[in-house]
Amino acid sequence: MQLQHQALGERQSGQLMIRNMFSGVSRGTERLVLEGLVPESERERMRGPGMEGSFPFPVKYGYASVGRIEDGPPELRDRAVFVLHPHQDLFIVSEEQINLLPDALPPRRAVLAANMETALNIIWDAGILPGDRVVVFGAGVVGTLVAYLSNGIAGTETLLVDSNPDRSALAAELGLAFSNPGDLSGEFDVLINATASANALEAAIAHAGMEARIVEASWYGDRSVKIPLGGAFHARRLSLISSQVGTIPPNRASRWSYKRRMAKALELLVDTRLDALISGETAFSELEAAYPRILSSPDTLCHRIRYS
């Protein structure tokens, strides 16, 4: 990781200059990028808005920036916005790329927007209905947000599972039931894996009820995993599907644009309890030295970068 300076150039018609206030480090994805584990077949799909360079690392990467409009139309100037853009203190984007923050959402918490958007898409793919028994494996940022959203659906019994017992405090802060993997029992209607662990996926299959839906929401990079599809997998008629935020599920695509989905994600972040998902903060000037440590620490949830 190395901080670099670049010339911005002139702002063109239809563009805005954004001065960053905060950005969020997405530990799972950015760690794969830093370690050069993006498969060659996925390198084009993994390019985010504003990314520069070519995989493998080094590239300019990141996708959770929250800033203020410094230069643009008078009616937009000084508005706080979320932008899918790499870690950078000042940048120029088109007006279509910005997402205005709701008045009730503090910019410091809005760094979670991309994670919330992913969690919302997972909920849609999972097809959770009132009364379902739901288990989410992985109390990282995305997994916890999935459990948080599921828990808000009337009548659901949602359980968050993680091998780190310290994550029980995070679950309690958000009003979520928590379990260690070894204590998990019973069958579930919907099972969601957000761990990038084959062991968790195996546990999901083992605890899936008849015709249950298993959602693989993690990304393994260039790793292969072994999963048990023998035994009662077919007899129980289990569904195993993938979820990826780059595509809106077909049953919503005709009505939901990416813009509408992001607006809803920002609205869902208004809950003050979600500040518990910010596990640390580092000044942008110190990011070069701190970046590997942030990504390697198992205690990192969303790490916030401060620009002033």
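Residues numbered from 1 in each chain as written. Predicted model: local features only at pLDDT ≥ 70, side-chain atom pairs only at ≥ 80, totals over all residues. Heavy atoms only, no water.

S.K.: Sorry, what's going on with the packing of aromatic side chains here?
M.R.: What describes a pair of aromatic rings is the distance from one ring centre to the other and the angle between the planes of the rings. Across all of its chains, the model carries 2 aromatic pairs by this definition. The side chain of Arg133 reaches across the aromatic face of Phe188, ending 4.5 Å from its centre. (Phe/Tyr/Trp six-rings, centres within 6.5 Å; stacked < 30°, edge-to-face > 60°. Lys NZ or Arg CZ within 6 Å of the ring centre and 35° of its normal.)

S.K.: Sorry, what's going on with the pattern of salt bridges here?
M.R.: Where charged atoms from two side chains of opposite charge approach closely, those side chains can pair. Under the criterion given, the structure shown has 11 salt bridges. Where Arg108 meets Glu281, a salt bridge forms, and the shortest distance between an N and an O atom there is 3.1 Å. In this pair, Arg108 sits in the loop between strand S5 (98–100) and helix H2 (113–126) while Glu281 sits in strand S12 (residues 278–283), placing the two residues 173 residues apart along the sequence. Overall, Glu281 belongs to the partly exposed group, its relative accessible area being 28%. Connected through salt bridges with shared partners, the residues Arg108, Glu281, Arg304 and Arg306 form a single ionic network. (Salt bridge = Lys/Arg side-chain N within 4 Å of Asp/Glu carboxyl O. Helix = DSSP H or I, 4+ residues; strand = E, 2+ residues; numbered from the N terminus. Buried < 20%, exposed > 50% of the residue type's maximum accessible area, 1.4 Å probe, protein only.)

S.K.: What is the right way to read the sheet that holds strand S11 (residues 239–242) from this model?
M.R.: To summarise the sheet geometry, strands pair through backbone hydrogen bonds and adopt either a parallel or an antiparallel arrangement. Strand order in the open sheet formed by 6 strands is S8-S7-S6-S9-S10-S11, and the pairing between neighbours is parallel. Edge strands, defined here as strands with exactly one partner in the open sheet, are strand S8 (177–179) and S11. Strand-to-strand twist across the sheet, computed as the mean angle between neighbouring axes with direction ignored, equals 20 degrees. For strand S6 (residues 133–137) and strand S9 (residues 188–193), the ladder comprises 4 bridges, and the chain directions are parallel. Looking across to S9, one finds that Val135 is bridged to Leu191. Lying on the sheet, H2 is in contact with S9, strand S10 (208–216) and S11; it crosses S10 at an angle near 150 degrees. (Pairing = 2+ DSSP bridges. Axes fitted to C-alpha atoms, helices over the stretch in contact; angles between N-to-C directions. Contact = heavy atoms within 4.5 Å.)

S.K.: Hey, could you run me through the environment of Arg77 in this one?
M.R.: Secondary-structure assignment places Arg77 in the loop between strand S2 (65–71) and strand S3 (80–83). For the pair formed by Arg77 and Ile18, sequence separation is 59 residues and the distance between their alpha carbons is 9.5 Å.

S.K.: Where do I start with the nonpolar core in this structure?
M.R.: Across soluble globular proteins, nonpolar side chains have a tendency to be buried as a group. Judged by nonpolar contacts, the single largest core of 54 residues is most densely connected at Phe82, Leu101, Leu112, Met116, Ile192 and Leu274. When residues of this core are traced back to their parent elements, those giving at least two are strand S1 (15–26), S3, H2, S6, helix H3 (141–151), helix H4 (167–173), S9 and helix H7 (258–268). The dominant element in this core, judged by the number of residues it contributes, is H2, at 9 residues. If you look at the next biggest cluster of nonpolar residues, it comprises 17 residues, including Phe137, Leu159, Val161 and Ala208. (Core = buried A, V, L, I, M, F, W, Y, C linked by side-chain atoms within 4.5 Å.)

S.K.: What is the right way to read the environment of Ala200 from this model?
M.R.: Tracing the sequence through the fold places Ala200 in helix H5 (residues 198–206). By relative accessible area, Ala200 is classed as buried at 11%. With 42 residues separating them in the primary sequence, Ala200 and Thr158 have C-alpha atoms 16 Å apart. Setting aside residues no more than four positions away along its own chain, Ala200 makes contact with Phe137, Asn193 and Thr195.

S.K.: Can you help me understand the layout of surface pockets in this one?
M.R.: Summary: where empty space remains is shown by rolling a probe the size of a single water molecule over the atoms. Approximately 650 Å³ is the volume found for the second largest pocket. Of the residues contributing to the lining of the second largest pocket, the split by class is 11 nonpolar, 6 polar and 4 charged. (1 Å grid on protein atoms, 1.4 Å probe; cavity = no way out; pocket = protein on both sides within 12 Å on 5 of 7 lines; lining within 4 Å. Points joined across faces, edges and corners; volume = space filled by probe spheres on them. Nonpolar A, V, L, I, M, F, W, Y, C, P; charged D, E, K, R; others polar.)

S.K.: Whenever I open this one, the packing of H2 against H7 confuses me. Can you help?
M.R.: Geometrically, a packed helix pair is captured by the angle between its two axes and the distance between the axes. Taken N-terminus to C-terminus, the directions of H2 and H7 make an angle of 110 degrees; their axes are 8 Å apart at the nearest point. Between H2 and H7, the angle falls in the class roughly perpendicular. Contacts from Ala113, Met116, Glu117, Leu120, Asn121 and Trp124 in H2 reach Tyr258, Arg261, Met262, Lys264, Ala265, Leu266 and Leu268 in H7. Class assignment of the residues belonging to the contact of H2 with H7 gives a composition of 9 nonpolar, 1 polar and 3 charged. (Parallel < 35°, antiparallel > 145°, perpendicular 65-115°, else oblique.)

S.K.: Sorry if this is basic, but what is going on with the pairing of S10 here?
M.R.: Consecutive side chains of a regular strand alternate in pointing toward one face of the sheet and then the other. In the sheet, S9 pairs with S10 via 5 bridges, with the strands oriented parallel. If you follow Leu191 over to S10, its bridge partner there is Ile214. Across 4 bridges, S10 lies against S11 in parallel orientation. Pairing of Glu216 across the sheet is with Ser242, part of S11.

S.K.: Would you mind showing me how to read the packing of H2 against H3 here?
M.R.: Where H2 meets H3, the closest approach of the two axes is 8 Å, and the angle between their N-to-C directions is 55 degrees. Taken together, the axis directions place H2 and H3 in an arrangement best described as oblique. Here H2 and H3 pass one another in a crossing that is right-handed. Judged by residue contacts, Asn115, Met116, Thr118, Ala119, Leu120, Ile122 and Ile123 of H2 engage Val141, Val142, Leu145, Val146, Tyr148, Leu149 and Ser150 from H3. (Left-handed = near helix turned anticlockwise from the far one by under 90°.)

S.K.: Please explain the environment of Glu288 as it appears in this structure.
M.R.: Along the chain, Glu288 falls in helix H8 (residues 287–296). Exposure remark for Glu288: the relative accessible area of 37% places this residue in the partly exposed category. Through-space distance from the C-alpha of Glu288 to that of Leu3 is 6.0 Å; in sequence the pair is 285 residues apart.

None of the figures reported here should be taken as evidence of function without further support.
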